[in-house]
Amino acid sequence: MSTDAIVLLKEDHKEMRRLFKAFQDAEEGPASQRQKLVGQIIEALTVHTYLENEVMYPEVRRLLPDLEDDILESYEEHHVADVLCAELFAMDAEDEHFTAKTTVLIENVLHHVEEEEQEWFPKVREALGRKQLQEIGERMIALRADAPRKPTDAKAVEKSVDAVTA
């Protein structure tokens, strides 16, 4: 398993795309299936954004000040996802807004992922050496086990607040 931070984040992105597709495939199915898939999406996003906000973004911000605007935009995109995740976490799949809200979340996250993978990650990879990306990745791996899984977890709430006040 790679410890490269970008490889790890791309693996998370791949899993999110899989969950998004599963949700879209289940839109006409039972509400219980959509509820289960959204629970999995929320967990994956909560862990992922926590690791980026706690490790990746602060390190890149410190090491590559030229990417400050990109990082600030990413924090804001995470905040939007956090709000949508918190709302969906409290909703029932039978709610008439559930699928629409999930669709908006998916669209926002896919936009964010595309920007990271096409614009941001190449700049970071070019500027930081393999060793630095592995060190950042090792820190992310170490934090993953204790990362929040629900948007209501204290660490997730704190991360969300910190991200917009950073």
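Keep in mind the model is a prediction, meaning the values are calculated, not measured.

The rules behind the values
Throughout this document, residue positions are counted from 1 along each chain, in the order its sequence is written. Whole-chain, interface and lining totals are the exception, using all residues; otherwise, since this is a predicted model, local features are given only for residues with pLDDT of at least 70 and side-chain atom pairs are given and counted only at 80 or more. To obtain the side-chain values, all non-hydrogen atoms of the structure were included, while hydrogens and water were left out. Convention adopted: a line fitted to C-alpha atoms gives each axis, helices being fitted over their contacting stretch, and angles between N-to-C directions are expressed from 0 to 180 degrees. Helix and strand definitions follow DSSP, with helices as H or I runs of at least four residues and strands as E runs of at least two, each counted in order from the N terminus. The labels follow the angle: roughly parallel below 35 degrees, roughly antiparallel above 145, roughly perpendicular from 65 to 115, and oblique for the rest. Crossing chirality is assigned from the near helix's rotation relative to the far helix, an anticlockwise turn below a right angle marking it left-handed and a clockwise turn marking it right-handed. Any pair of residues with heavy atoms lying within 4.5 Å of one another is described as a contacting pair. Definition of nonpolar core: a set of buried residues of the types Ala, Val, Leu, Ile, Met, Phe, Trp, Tyr and Cys, connected through side-chain atoms within 4.5 Å. Buried, partly exposed and exposed residues are distinguished by accessible area as a fraction of the type maximum, computed with a 1.4 Å probe on protein chains only: under 20%, between the cut-offs, and over 50%, respectively. Any Lys or Arg side-chain nitrogen found within 4 Å of a carboxyl oxygen on Asp or Glu counts as a salt bridge. In this scheme, a helix's expected span is set at 1.5 Å multiplied by one less than its residue total. Three residue categories are used. Nonpolar comprises Ala, Val, Leu, Ile, Met, Phe, Trp, Tyr, Cys and Pro, charged comprises Asp, Glu, Lys and Arg, and polar comprises the others, including Gly. Residues with no salt bridge and a relative accessible area higher than 30% make up the patches, which join like charges within 9 Å and nonpolar side chains (Val, Leu, Ile, Met, Phe, Trp, Tyr) within 5 Å. Areas reported as accessible are Shrake-Rupley estimates using a 1.4 Å probe. Residue values count occlusion only from the protein chains shown. Neither His nor the chain ends is counted toward charge; the positive residues are Lys and Arg and the negative residues Asp and Glu. By convention, the charge on Lys lies at NZ, on Arg at CZ, on Asp at CG and on Glu at CD. The aromatic pairing rule takes the rings of Phe, Tyr and Trp, using the six-membered ring of Trp, and pairs them if the centres are within 6.5 Å, calling planes under 30 degrees apart stacked, those over 60 edge-to-face and the rest tilted.

Q: Looking at this model, I keep getting lost on the packing of helix α2 (residues 31-63) against helix α4 (residues 98-127). Mind explaining?
A: Between two packed helices, what matters for the description is the angle formed by their axes and the separation of those axes. One way to put it is that α2 packs onto α4 with a least axis distance of 12 Å and a crossing angle of 30 degrees. Considering their axes alone, α2 and α4 lie roughly parallel with respect to each other. As for how α2 packs across α4, the hand of that crossing is left-handed. The segment α2 lies against α4, with Arg34, Gln35, Val38, Ile41, Leu45, His48, Glu52, Met56, Tyr57 and Val60 engaging Phe98, Thr99, Thr102, Leu105, Val109, His112, Glu116, Trp120 and Val124.

Q: Please explain the nonpolar core as it appears in this structure.
A: The tendency in soluble globular proteins is for nonpolar side chains to be buried side by side. If you look at the biggest cluster of nonpolar residues, it comprises 23 residues, and the most contacted ones within it are Met56, Val60, Trp120, Val124, Leu133, Ile136 and Met140. Listing elements by their share of this core, those giving two or more residues are α1 (5-25), α2, α3 (68-89), α4 and α5 (130-144). Broken down by element, the residue count for this core peaks at seven residues, all from α2. Each residue touching Met56, except ones within four places of it in the same chain, is listed here: Ala5, Ile6, Leu9, Leu51, Trp120, Val124, Leu133, Ile136 and Met140.

Q: Just to check I follow, could you spell out the pattern of salt bridges for this structure?
A: Two side chains that carry opposite charge are able to pair once their charged atoms sit near each other. Applying the stated rule across the entire model yields twelve salt bridges. One salt bridge in this structure joins Arg61 and Glu68, with 2.7 Å as the shortest N-O distance. Arg61 gets classed as partly exposed once you look at its relative accessible area, which sits at 23%. With relative accessibility at 25%, the residue Glu68 sits in the partly exposed group. Salt bridges sharing partners connect three or more residues here, namely Glu59, Arg62 and Arg139.

Q: I would appreciate a short explanation of α5 in the present structure.
A: Since the α-helix turns once every 3.6 residues, residues separated by three or four places project in the same direction. When the terminal C-alpha atoms of α5 are compared, their 21 Å separation across 15 residues agrees well with the 21 Å that a helix rising 1.5 Å per residue should span. In this structure, the buried residues of α5 make contact with α1, α2 and α4.

Q: Any chance you could explain the environment of Val55 here in plain terms?
A: Within the fold, Val55 resides in helix α2. Considering only alpha carbons, one finds Val55 and Gln35, 20 residues apart in sequence, at a separation of 30 Å. Contacts of Val55, omitting those with residues within four sequence positions, involve Ile136, Arg139, Met140 and Leu143.

Q: Explain the packing of α1 against α5 to me, please; I cannot follow it from the model alone.
A: For the pair α1 and α5, the least separation of the axes is 7 Å and the interaxial angle reads 45 degrees. In terms of orientation, α1 and α5 fall into the oblique class. Contact with α1, carried on its side by Ala5, Ile6, Leu8, Leu9 and Asp12, involves Leu133, Ile136, Gly137, Met140, Ile141 and Arg144 of α5 and no other residues of that element. For the contact of α1 with α5, the residue count by class is eight nonpolar, one polar and two charged.

Q: Sorry if this is basic, but what is going on with a negative patch on the surface here?
A: Judged by side-chain charge, Asp69, Glu73, Glu114 and Glu119 come together as a negatively charged surface patch. If you list the elements that add at least two residues to the negative patch, you get α3 and α4. Here Glu114 shows up in helix α4.

Q: For this particular structure, what's the right way to read the environment of Glu138?
A: Of note, Glu138 is situated in helix α5. Through-space distance from the C-alpha of Glu138 to that of Arg18 is 25 Å; in sequence the pair is 120 residues apart.

Q: Hey, could you run me through the packing of aromatic side chains in this one?
A: Aromatic rings in a pair are described by how distant their centres are and how their planes are angled relative to each other. Evaluated as defined, the whole model comprises three aromatic pairs. Pairing Tyr57 with Tyr75 gives two aromatic rings, centres 5.3 Å apart and planes at 85 degrees, and the pair type is edge-to-face. Taken together, the residues span a long stretch of sequence, with Tyr57 in helix α2 and Tyr75 in helix α3 at a distance of 18 residues. Tyr75 gets classed as buried once you look at its relative accessible area, which sits at 5%. With a centroid separation of 5.4 Å and an interplanar angle of 75 degrees, the aromatic rings of Tyr57 and Trp120 are classed as edge-to-face. With a gap of 63 residues between them, Tyr57 in helix α2 and Trp120 in helix α4 connect regions that are remote in the sequence. Considered together, Tyr57 and Trp120 belong to a single accessibility category, that of buried residues.

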